[in-house]
Amino acid sequence: MNLPSLAAFRVLTLLTVIVVLYSLYGYFHFYRDPLSIFFSEEHGFDPIYSTTRQAEASALLDSLEANPDAVRSRLGKAGPNPQLCAIFLTAGRKMERHYVETAVASFLVNMSHVERQAVTLKLFFVDPDPETQHQSFARLATADIADGIVTYNTSLPDRDKETELALLTSWHHDRKDGTEIDRKMIHDYAYALSHCVQTTDAPYIALFEDDILLADGWAARTLKNLRTLEAMMQDPKRHEPARGQVEPGGPNSWLYLRMFNQERSFGWGGGTGFMSNNVHIISLAISIPLAAILLLVRKTALSRHIARHIDGWVILVVCGIQVPLFVWLFYASGKASLVGSRPGVYEEWFGCCNQALVYNRQYAQGLSDFLMDAAHGPGKPGRIDMIPRDFAWQHGLARISAYPMLVQHAGRISATGTTLSEATKVWSMAFEDFKPVTLARDHIRNVKEIFGPEAANEMLTST
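Anyway, here's the lowdown on the structure attached to this text. (Residues numbered from 1 in each chain as written. Predicted model: local features only at pLDDT ≥ 70, side-chain atom pairs only at ≥ 80, totals over all residues. Heavy atoms only, no water.)

### Structural notes on the overall build of the protein
For step 1, the next point in the chain: When you go through the protein residue by residue, the secondary structure sums to 20 helices and ten strands.
For step 2, the next point in the chain: The principal-axis extents of the C-alpha atoms in the protein amount to approximately 95 × 60 × 50 Å.
For step 3, the next point in the chain: Evaluated residue by residue, the protein yields a buried proportion of 49% over its 463 residues.
For step 4, the next point in the chain: At a minimum sequence separation of 6, the contacts of the protein that also span at least 24 residues come to 81%.
For step 5, the next point in the chain: Entry remark: accessible area of the protein is about 22,400 Å², with carbon and sulfur atoms responsible for 58%.
For step 6, the next point in the chain: With 43 positive and 49 negative side-chain charges, the protein shows a separation of 10 Å between the mean positions of the two kinds. (Helix = DSSP H or I, 4+ residues; strand = E, 2+ residues; numbered from the N terminus. Buried < 20%, exposed > 50% of the residue type's maximum accessible area, 1.4 Å probe, protein only. Contact = heavy atoms within 4.5 Å. Areas by Shrake-Rupley, 256 points an atom, 1.4 Å probe, with all protein chains shown as cover. Lys, Arg positive; Asp, Glu negative; His and termini not counted. Charge placed at Lys NZ, Arg CZ, Asp CG, Glu CD.)

### Quick look at a nonpolar patch on the surface
For step 1, the next point in the chain: A contiguous nonpolar surface patch, about 620 Å² in accessible area, is contributed by Val17, Val20, Leu21, Leu24, Tyr27 and Phe28.
For step 2, the next point in the chain: Here Tyr27 lies in helix α1 (residues 6-29).
For step 3, the next point in the chain: For Tyr27, a relative accessible area of 53% puts it in the exposed group. (Patch = residues over 30% accessible without salt bridge, like charges linked within 9 Å, V, L, I, M, F, W, Y side chains within 5 Å. Salt bridge = Lys/Arg side-chain N within 4 Å of Asp/Glu carboxyl O.)

### Overview of the sheet that holds strand β7 (residues 344-347)
Two modes of strand pairing occur in sheets, parallel and antiparallel, and in both the strands are linked by backbone hydrogen bonds.
For step 1, the next point in the chain: Ordered in space as β3-β2-β1-β4-β8-β6-β9-β7, the eight strands form an open sheet in which the pairing is mixed. The sheet is open, and its two borders are formed by β3 (148-151) and β7, each paired with just one other strand. Across the sheet, the axes of successive neighbouring strands diverge by a mean angle of 25°, strand direction being ignored.
For step 2, the next point in the chain: Relative to strand β8 (residues 356-360), strand β4 (residues 204-209) is paired through five bridges, and the arrangement is antiparallel. (Pairing = 2+ DSSP bridges. Axes fitted to C-alpha atoms, helices over the stretch in contact; angles between N-to-C directions.)

### Some words on unusual backbone geometry
For step 1, the next point in the chain: A cis amide bond, omega 0°, links Tyr403 with the succeeding residue Pro404.
For step 2, the next point in the chain: Its identity as a non-glycine residue notwithstanding, Asn110 has a phi of 70°, on the positive side.
For step 3, the next point in the chain: Among the secondary structure elements, Asn110 is positioned in the loop between α4 (99-108) and α5 (113-118).
For step 4, the next point in the chain: At Asp144, a position not held by glycine, the phi torsion is positive, near 60°.
For step 5, the next point in the chain: Along the polypeptide, Asp144 turns up in the loop between α7 (137-143) and β3.

### Describing the packing of helix α12 (residues 279-300) against helix α14 (residues 312-332)
For step 1, the next point in the chain: Where α12 meets α14, the axes come as close as 9 Å, and the angle between the chain directions of the two elements is 150°. The pairing of α12 with α14 is recorded here as roughly antiparallel in orientation. Between α12 and α14 the crossing geometry is right-handed. Contacts between α12 and α14 involve Val279, Ile282, Ser283, Ile286, Ser287, Leu290, Ala291, Leu294, Leu295 and Arg298 from the former and Gly312, Ile315, Val318, Cys319, Val323, Pro324, Val327, Trp328 and Tyr331 from the latter.
For step 2, the next point in the chain: Residues that form the contact of α12 with α14 fall into these classes: 15 nonpolar, three polar and one charged. (Parallel < 35°, antiparallel > 145°, perpendicular 65-115°, else oblique. Left-handed = near helix turned anticlockwise from the far one by under 90°. Nonpolar A, V, L, I, M, F, W, Y, C, P; charged D, E, K, R; others polar.)

### Regarding the nonpolar core
In a soluble, globular protein the nonpolar side chains are often hidden away together inside.
For step 1, the next point in the chain: In terms of nonpolar packing, the biggest core is built from 62 residues, with Phe88, Phe107, Phe208 and Trp218 touching the most fellow members.
For step 2, the next point in the chain: Tallying contributions element by element places helix α11 (residues 218-233) first for this core, with seven residues.
For step 3, the next point in the chain: What Phe88 contacts, discounting residues up to four positions off in sequence, is Ala103, Val104, Phe107, Leu121, Lys122, Leu123, Phe124, Phe208, Glu209, Asp210, Ile212 and Leu214.
For step 4, the next point in the chain: Counting 38 residues, the second-largest nonpolar core is a separate cluster that includes Val150, Leu168, Leu255 and Leu397. (Core = buried A, V, L, I, M, F, W, Y, C linked by side-chain atoms within 4.5 Å.)

### Re the side chain of Asp33
For step 1, the next point in the chain: Note on placement: Asp33 falls in the loop between α1 and α2 (49-66).
For step 2, the next point in the chain: A distance of 3.0 Å separates a polar side-chain atom of Asp33 from the backbone nitrogen of Leu35. (Polar contact = N/O pair within 3.5 Å; in protein donor to acceptor, adjacent residues only side chain to side chain.)

### A look at the pairing of strand β6 (residues 254-258)
For step 1, the next point in the chain: Among the five residues in β6, five count as buried, and that is most of the element.
For step 2, the next point in the chain: Two strands pair when backbone bridges link them, and β6 and β8 are joined in this way by three bridges, in the antiparallel orientation. Looking at the pairing, Leu257 lines up with Val358 of β8.

### Side note on the pattern of salt bridges
For step 1, the next point in the chain: Applying the stated criterion to the full structure yields 19 salt bridges.
For step 2, the next point in the chain: Note that Arg93 is salt-bridged to Asp210, the shortest N-O span being 2.8 Å. Of the two residues, Arg93 is situated in the loop between β1 (84-90) and α4 and Asp210 in the loop between β4 and β5 (212-214); the sequence distance between them amounts to 117 residues. Across this residue pair, the class does not change: Arg93 and Asp210 are buried.
For step 3, the next point in the chain: Asp147 is the partner of Arg116 in a salt bridge, and the nearest nitrogen-oxygen pair spans 2.9 Å. Of this pair, Arg116 sits in helix α5 while Asp147 sits in the loop between α7 and β3, placing them 31 residues apart in sequence.
For step 4, the next point in the chain: Where salt bridges share partners, they join Arg93, Asp210 and Asp211 into one cluster.

### Looking at the packing of aromatic side chains
For step 1, the next point in the chain: Considering all chains together, one arrives at 24 aromatic pairs under this definition.
For step 2, the next point in the chain: The interplanar angle of 65° and the centroid separation of 6.3 Å between the aromatic rings of Tyr22 and Phe38 together place this pair among those described as edge-to-face. In this pair, Tyr22 is assigned in helix α1 and Phe38 in the loop between α1 and α2, connecting sequence segments 16 residues apart.
For step 3, the next point in the chain: Between Phe370 and Phe391, the ring centres sit 5.4 Å apart and the planes meet at 65°, which makes this aromatic pair edge-to-face. With Phe370 in helix α16 (residues 361-376) and Phe391 in helix α17 (residues 387-395), this pair connects stretches of sequence that are 21 residues apart.
For step 4, the next point in the chain: Overall, Phe370 belongs to the partly exposed group, its relative accessible area being 23%.
For step 5, the next point in the chain: Ring pairing ties together the aromatic residues Tyr22, Tyr25, Phe30 and Phe38, which thus form one cluster. (Phe/Tyr/Trp six-rings, centres within 6.5 Å; stacked < 30°, edge-to-face > 60°.)

Just distances and angles here, no functional claims.
Right under this line is the structure:
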């Protein structure tokens, strides 16, 4: 067999240069994608926008401590007809400043008066005795920045209180039994949903975990996304919900709108190996026709110069090395890095975790009952982030995601036994790409669109 031609060496050299340059680009730009070969364990979860948002939240908390009356007056409270009932579920943790304080501050900071009037804020302390078990209970209760403080001790009916508290306490203390922890979490979630249904007429109910950060302008953007969602459901091509029929574009009603997702939930799904994602099959599907085309060009080329540069070695390098390598690099670089998620409101079957979900009030009480049955039923109760999905499937309801995601999971110290490593990985890299100036501009624009130009002008004059 003849030695490789000069043309083949040139093609191979060009290929090497391209791969090296692409690898350098991936090293500096794809390092935060957990499903990319370029992911950095050291810097992949570095907070970027989160640092800015935490600083804004901390400044609000410091102001609240220094001059509480002025801050309360500036923040205001919900109006008589809120559109959204937002409730934080918070459990005690051993830490200096509990996550929920920063989470609530990020909820409120930079919020306009009209947004605050449209959202009722409730804090649900899920510990059986939050006064002794939650270090932020007294501080947040006296701060008077929420529209309601909810505890089991103050909200359970008197006839059931003693029995319920005894059961909840047994679940709370049995931390070594994962089943009991799951029961407690499911019960808390169901109780929070039902509480919003029973105490407000808000058409939407947002359940937030206590270790999150919300982006600037989250309220107006979420109300805008909900408006888009309701318009989507009016499509005449959609049908009444039917059990199991939840294909995108199908049902004309929905269960929840997702405000947080992690990139690990929407990767290619096959890993980074060469046999993953059918890379070998796709490579063959490209290489065989391409080889045939190159052979045809060599055979029919009018110029001998062109034919001399497309010899067998060149075709082998291009179709046997270059194509498979490029196809593999495409998938191995990570879907989130190369494709990302287009801004907008979409139906999605997948998604991780319950950090921030907005529920349709129409089905909230039904879901609450469904969750209560799971919490108190025999056997393992299931996982709190999976049971709403099962409910949606059984009732044929759409599950919706809104991009960009407006919530980040900032928790590292778990209240349920999750390891530090796993808690760290529940992370949205797209959230860290937010630019404060862009968010501020979008915030004003969305307030103008949802509440009118006067509300937007008030924001401009108050800054």
